[in-house]
Amino acid sequence: MLGNHDAVEMVPALEAAGFDVLVNRSLVLERAASNCASPGSMTCIISITDAARSVLDAHEGECRIALVHSAEMADVADRAGYVLYLCGHTHGGQICLPGGRPIVSQLTRCKYAAVGLWRQGKMTGYTSSGLGVGRPTVRFNSRGEVA
């Protein structure tokens, strides 16, 4: 799955190297008699695209894990029956109160999911704070992580 700083022009080279790049599509993993659908949805920070919604609606009835760039679509994924939602993008808020509670988040929706472990309905989610920064280019009380 690409990040918001990755160019879509990278996809052919990554696929030629043997990587499955998930951009608004699903990948079904099969093991023995059980399936686990793992959709990856590239979402825009400002708006939720129809393509991203349609990916989240695919594979009804299977074990579903959402790999989404940001937490913006957590409520949509929960309504679609996902059990696990993994994302990043927020950089942990970058500037946080002591204890890591973000003062500002880059999220316009689902702001409760700005960092760490969270729940949305029946779904569990985790937002990695990652290692990068956006603007401002500082971190204060916000540890970087590789999850």
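The structure this text deals with has already been given above.
Residues numbered from 1 in each chain as written. Predicted model: local features only at pLDDT ≥ 70, side-chain atom pairs only at ≥ 80, totals over all residues. Heavy atoms only, no water.

Student: Before we move on, could you go through the state of the cysteines and cite the residues and values that matter?
Tutor: Two cysteines form a disulfide when their sulfur atoms are joined by a covalent bond. If you walk through the whole model with that rule in mind, you get zero disulfides. The thiol of Cys87 is not disulfide-bonded; the next cysteine sulfur, from Cys110, is found 9.4 Å away. (Disulfide = S-S within 2.5 Å.)

Student: A description of unusual backbone geometry should follow, citing residues and the corresponding values.
Tutor: Following Arg135, the chain continues into Pro136 via a peptide bond in cis, with omega recorded as 0 degrees. With respect to the secondary-structure elements, Pro136 resides in the segment after strand 6 (123-127). At Cys110, a residue that is not glycine, the phi angle is positive and equals roughly 50 degrees. Secondary-structure assignment places Cys110 in the loop between strand 4 (84-87) and strand 5 (116-120). Backbone geometry places Asn141, a non-glycine residue, at a positive phi of 55 degrees. Within the secondary structure layout, Asn141 lies in the segment after strand 6. (Helix = DSSP H or I, 4+ residues; strand = E, 2+ residues; numbered from the N terminus.)

Student: Explain the nonpolar core to me, and be specific about the residues and the numbers.
Tutor: Counting 18 residues, the largest nonpolar core has Leu56, Tyr82, Tyr85, Trp118 and Met123 as its most contacted members. For this core, the elements supplying multiple residues, two or more each, are strand 3 (63-68), helix 3 (74-79) and strand 4. The leading source of residues in this core is helix 3, at three residues. In contact with Trp118, other than residues within four places in its own chain, are Ala71, Ala74, Tyr85, Cys87, Tyr112, Ala113, Met123, Thr124, Gly125, Tyr126 and Thr127. (Core = buried A, V, L, I, M, F, W, Y, C linked by side-chain atoms within 4.5 Å. Buried < 20%, exposed > 50% of the residue type's maximum accessible area, 1.4 Å probe, protein only. Contact = heavy atoms within 4.5 Å.)

Student: Hey, could you go over the packing of aromatic side chains for me, with residue numbers and the actual values?
Tutor: Applying the stated criterion to the full structure yields two aromatic pairs. With a centroid separation of 6.0 Å and an interplanar angle of 80 degrees, the aromatic rings of Tyr112 and Trp118 are classed as edge-to-face. An aromatic cluster is present here, built from Tyr85, Tyr112 and Trp118 joined pairwise through their rings. (Phe/Tyr/Trp six-rings, centres within 6.5 Å; stacked < 30°, edge-to-face > 60°.)

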